[in-house]
Structures are given as structure tokens and as C-alpha cells.
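Residue-level listing of the chains:
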Amino acid sequence: MICLLTKRFKTKNISATINKYALENECSPLEFTFNINSIETYIKTVSQKDFLLYNEDILKYYNNPQKMVNEHLEIKQIFLITVKQLQKNIIKLDYSIEFSPNQESVHIILYPESLIPYKKYQPKEIYLLLLKEFNNIKALNNVLVNIFDDDMKEKLKQFVKYIYAGKFIKKVKLSLLIGIEPEISRESKLIFHYLNKESSHQVIEVDEQEILVEFIKPHFGKNGLNVFGEIIDNFYLKNSDDLKSQIDTQSIEIVEDSDRKIYKSKIKGYVHLDEDNFYIDNKIKIQSLSRVDDKIVKQEKNNIEVIISQQDTSLDSLGEGVELTSETIHINGHVGAKSTLRAVNLTIDGATHQDSYQEAKFARINRHKGKLRCHNAKINLLEGGEVHATNVDIENSLSGTIYAENVTIGHVKNNLKIYASNSITINLVSGEDNLFKINYKDIPTLKSKYNYLSQEIDDLKYKLEGAKKHTPSEVPALKEKMDELKNAQDKITNSTMNAKVTILNPFRGLNTISFILNNDQELIFKTEATSYKPFYIVESKEYLTLHPTNKKIPKN
């Protein structure tokens, strides 16, 4: 056996020492082995504050486990080793290490691929070589050496007989050390509190500072001693039943004491927990949502994004009767009948059912057949659906009804009814029986806004009368506020006088243009298959005329 590099060390961490020595010599740690020359054993008991060197045989004084437990014995070891760089080891074990849940015992699993040249050596020689390897393996893993090893030696002797009988053809499990197992008065328990919501929700939303998971630590009726010489008691933190996932500290807070460990949410969102990660996010992606799953969340202002992606185009992503409310909703597929969606930002890549309802501030829909209420709507194809909005932008329309202040459409075919207050702009009308009507009274949101302004004005009138009598200094501000509200009302009632209908390309059939005045008089015009300049009202001294036609009515 040729040794290329050799050095002696005193260490409590053999693995770190070999790694450092190998690095200093620009070698791989795998090239080195070591011999344990001697071991210094230090103990600490309930009567000692510090670890003290113990030169006697520990097991002669501490001759039963109960005595060790009663005196709260702890053990540490420091090794005097010789590190050697060898060209080849006599024995090369293929193995893995297995610790018990509380680490009061450790076993080695030997695989038949191990190189043990038993035919060249006597059984006693193989036994001593394996004993040396086992002790080295224990020392490398900071497991106590030469303590609690009677069982290991006995099993090792049996294993040597097993080898010489030619039976080592499958993996074998042997004990390296068996410490003192604690008596558990309360088992550990992992409680997933957030899963209690799963009975009525397909995905789980949690609030800020909500308890998500609780790990109740085990209580020991009697302490134990683990394979590292440490006391196993209620403060022992090696809790095998605790979560193994990586915790995202940006979204989850850990609160821990000697009795339990609590995982709390730092933000509002959806829980993601798998073998690798545990975190909260404001985005959830699911394949489909059905009626039995009920609502995902109840409030709109929750900074939550929901993505529902159904790859099977024959199925609805959002099933019949589902009610879904969130800040941002993105449906990749179709929306089923009698379903309700409420969001600030709504995107539907598929089609909405004619019996479905959507409500949003900003909506983008591919094919719309249902009923939509929003501030801004962008629709690729309107197929008989109904839209209530402030601003509507549609690529193509087959039929449907629109109530809005401003409407822009690329291509209109047949049977579309538009009720607008400010503007209608269309690139091409290729079909017939379409109605383009300017009348704020047909738009529910504007009627509601007008009624609200009326109520506010009435309230200010009451306050103004009181201010004139008791606080004259408030009168100017109240009058100014009242004038602002009246101007807002006038803008609504006079919207027809400033409205415009623009059709950029020639009509190809019979359609209707209608302007309704505030006094309910109507200027109406039936188009022909020709082009027209924009439609709007021109006011003269005696008449109101619908440009560019000759339709007019006398001024009152």
C-alpha cells in the first residue's frame, strides 16, 4: 500500500478537515482516507455548565440508560486522525446511511457492489477491516464512536459469516449505533389549517396573517440520547414530521416556540404547497372550474389573478352556474351557461355563453354571446351578446346590443342595435337592419348618473339654505360645487347635440340612424347603399337638422 500524502490532525469534524487538506494540495477528497489514532470524549451533565474531558469508560459509570437520562448526559468527541492519500483501499464500501426519525439510532445499508476481498483474508482480518471502516463512517457523520457499539459489533460478526457463506448478493442493513429512545407522551402532528376551506372551494385563498400550517412538536415523557451525543427533549429541533418544503419568507412568516411551529401568511393570495416549495402568490392557474366548486373568492379588491386553462376545446373552462370573483381573471377557454364573472381585469380567450354574465372594469373577450357590464370593453366578435360600457371597441359584429357612451366597430353585419350618447364610429356596415341611435336615456349608467347628480344637487340646496342662515362663509363653496354638478348634468342632457355617428365606408343596405333630443323629439334617417359624411345635428335659428341629410325639426 503506497501513501502519497500523510498528515495528522486533531478535529471534531473529520469531513471538513479532509476537504480542506485536499483543497490545499489540489486533490479530490475522494483520494484520501484516514485512521483514527485516538478519541477524546467530553461529557456534560445537569451538574456541569461546560463539557469536561472524560478518560474513563463511560458505560462503566453510566451502566444503564435511565442513569444517563436522569443526569442529562451529553457527549462530544474530538478525534486525533492520520489523513492519507492512497492509490487504492483494501475495502471499498458502497453504502448509504439511514437515521431514525428522532436520530436515536443510525443504520448503514451495504450494497453487494461493495468491494470486500474476503477470499484473500481471514474472517478476523475482514472483521477488523470492516470495523475500522464502520468507525470511520460514524466519525465522518459525527456519530459517537466506541460508545453504544456492542450491537454493531455483534451484527458485524454475523455479517462476516454471511459474506464467507457467499450470501452477500443483495443489500444488507446493519446498525451502527443505537442510542436511548425517548418516551413520547404526545406525538408530533402537522395540521394544514388552510385545507379546511377546500370543502367548498376548488382553490384556496388566504388572508394576510392567517395561520396556514401548524406543526405541534412531540412531548417526551422521558428524554433520550441521539447518535450525536445530544439530549432528545422537548427543545430538540429535529422534527421529522415538520414541513420539508422550501419556505418563501417573502410571503410566509414562521413563528416558533418550544411547543409548536406556526406558518402564517404575510400577504393575501393563493397557497402553493408541494414537495419542493411552500409560498403564497396572487396568481392561480387551474384547468377548469365547475359549479360544485362554488366561489374561488368573495371580494373583488384582493390583488388576485386567476387563470383557468382548459386544453380540451370541447369543454367549458368555466362550468355551468359557476360564480367567480377576483381582481384579475383570465379564462383560456369557454364560459358556461348561468355563470357569473366579476373582476377588475377580465380576459376571455374563448366564447361566453348567451346565458352568462360578466362584470369588470376592463374586459377583453374573444367571442361574446352573454351579458357584459364594464368600463372599457374590447371584443373580437360580438355574436348576439349584450354590452353595457363607457367605451366599446369591437372588431366584428354579427348581431347584438350595445349601450355605451362611445362605440368603435370594425365590421358590422346584420341586426346590431347600438345605443350611444357621444359617438359611434364604424369602418364598414355590410348588412341591414342595424340601428345606430344617439340617446343618453337609453343608457342605464347615464340615467343612474343623472339621477345621482340630481340627488346631490337637492342635498346641496338644503345645505345652502342652512349656510345662508348660520354659516355664510360656506355659501360660495357650496354654490361652486352646485354649479359643477349642474354642468355635469347639462353635459349629459345635451350630449345628443354634440354626438356624431361616422360610417367610414359606403353602406350596402337599409339601416337606421336616430338622434333623440332631450325633449324626446327624434331625428331619424334610413340609409341607402351609398356613402355618407358623418351624421350630427346642426343648429340654426329655426331648425335642428341632421347632417348630412335634410331631416330637420323646428326648434321649440
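Residues numbered from 1 in each chain as written. Predicted model: local features only at pLDDT ≥ 70, side-chain atom pairs only at ≥ 80, totals over all residues. Heavy atoms only, no water.

Chemist: Mind showing me how you'd approach the pairing of strand β11 (residues 211–216) here?
Modeler: Along a regular strand, successive side chains alternate from one face of the sheet to the other. For β11, a buried count of 5 out of 6 residues is recorded, marking the element as mostly surrounded by other parts of the structure. Relative to β11, strand β9 (residues 189–192) runs antiparallel, the two sharing 4 bridges. Bridging from a neighbouring strand, Phe192 pairs with Val213 of β11. Sheet topology note: the β11/strand β17 (residues 260–265) ladder contains 5 bridges and is antiparallel. Of the residues in β17, the one forming a bridge with Ile211 is Lys264. (Buried < 20%, exposed > 50% of the residue type's maximum accessible area, 1.4 Å probe, protein only. Helix = DSSP H or I, 4+ residues; strand = E, 2+ residues; numbered from the N terminus. Pairing = 2+ DSSP bridges.)

Chemist: Help me understand unusual backbone geometry, please; the structure alone is not making it clear to me.
Modeler: Most peptide bonds are trans, and most residues other than glycine sit at a negative phi. Cis geometry is adopted by the peptide bond preceding Pro548, which originates at His547 and carries an omega value of 5 degrees. Relative to the elements of secondary structure, Pro548 occurs in the loop between β36 (543–547) and β37 (551–554). For Gln103, which is not glycine, the phi dihedral falls at a positive 60 degrees. Along the chain, the position of Gln103 falls in the loop between β5 (95–99) and β6 (105–110). The exposure class of Gln103 is buried, given its relative accessible area of 16%. For Asp520, which is not glycine, the phi dihedral falls at a positive 75 degrees. With respect to the helices and strands, the residue Asp520 is situated in the loop between β33 (512–516) and β34 (522–526).

Chemist: Honestly, the environment of Leu115 in this entry has me stumped. Any pointers?
Modeler: Position of Leu115 among the secondary structure elements: in the loop between β6 and α4 (123–140). By relative accessible area, Leu115 is classed as exposed at 53%. Leu115 sits 21 residues away from Asp94 along the chain, and the two C-alpha atoms are 7.8 Å apart. Excluding residues that lie within four positions of it along the chain, Leu115 makes contacts with Ile90, Ile91 and Lys92. (Contact = heavy atoms within 4.5 Å.)

Chemist: Explain the packing of aromatic side chains to me, please; I cannot follow it from the model alone.
Modeler: This structure, assessed with the given rule, holds 14 aromatic pairs. On the numbers, 6.5 Å between centres and 80 degrees between planes, the contact of Phe192 with Tyr194 is edge-to-face. With a relative accessible area of 7%, Tyr194 lands in the buried category. One aromatic cluster in this structure is built from Phe507, Phe525, Tyr532 and Phe535. Positioned above the aromatic ring of Tyr543 is the side chain of Lys552, whose terminal nitrogen or guanidinium carbon lies 4.5 Å from the ring centre. (Phe/Tyr/Trp six-rings, centres within 6.5 Å; stacked < 30°, edge-to-face > 60°. Lys NZ or Arg CZ within 6 Å of the ring centre and 35° of its normal.)

Chemist: Explain the pattern of salt bridges here, please?
Modeler: Tallying each qualifying case throughout the model produces 18 salt bridges. One salt bridge in this structure joins Glu383 and Arg367, with 2.7 Å as the shortest N-O distance. On the criterion of sequence distance, the pair formed by Glu383 in strand β29 (residues 376–412) and Arg367 in strand β27 (residues 357–368) is long-range, its members being 16 residues apart. For Glu383, a relative accessible area of 22% translates into the label partly exposed. Judged by relative accessible area, Arg367 falls into the partly exposed class, the value being 29%. The residue Lys378 makes a salt bridge to Asp393 at a minimum N-O spacing of 3.2 Å. Ionic contacts of the salt-bridge type, sharing partners, join the residues Glu214, Asp259 and Arg260 into one network. (Salt bridge = Lys/Arg side-chain N within 4 Å of Asp/Glu carboxyl O.)

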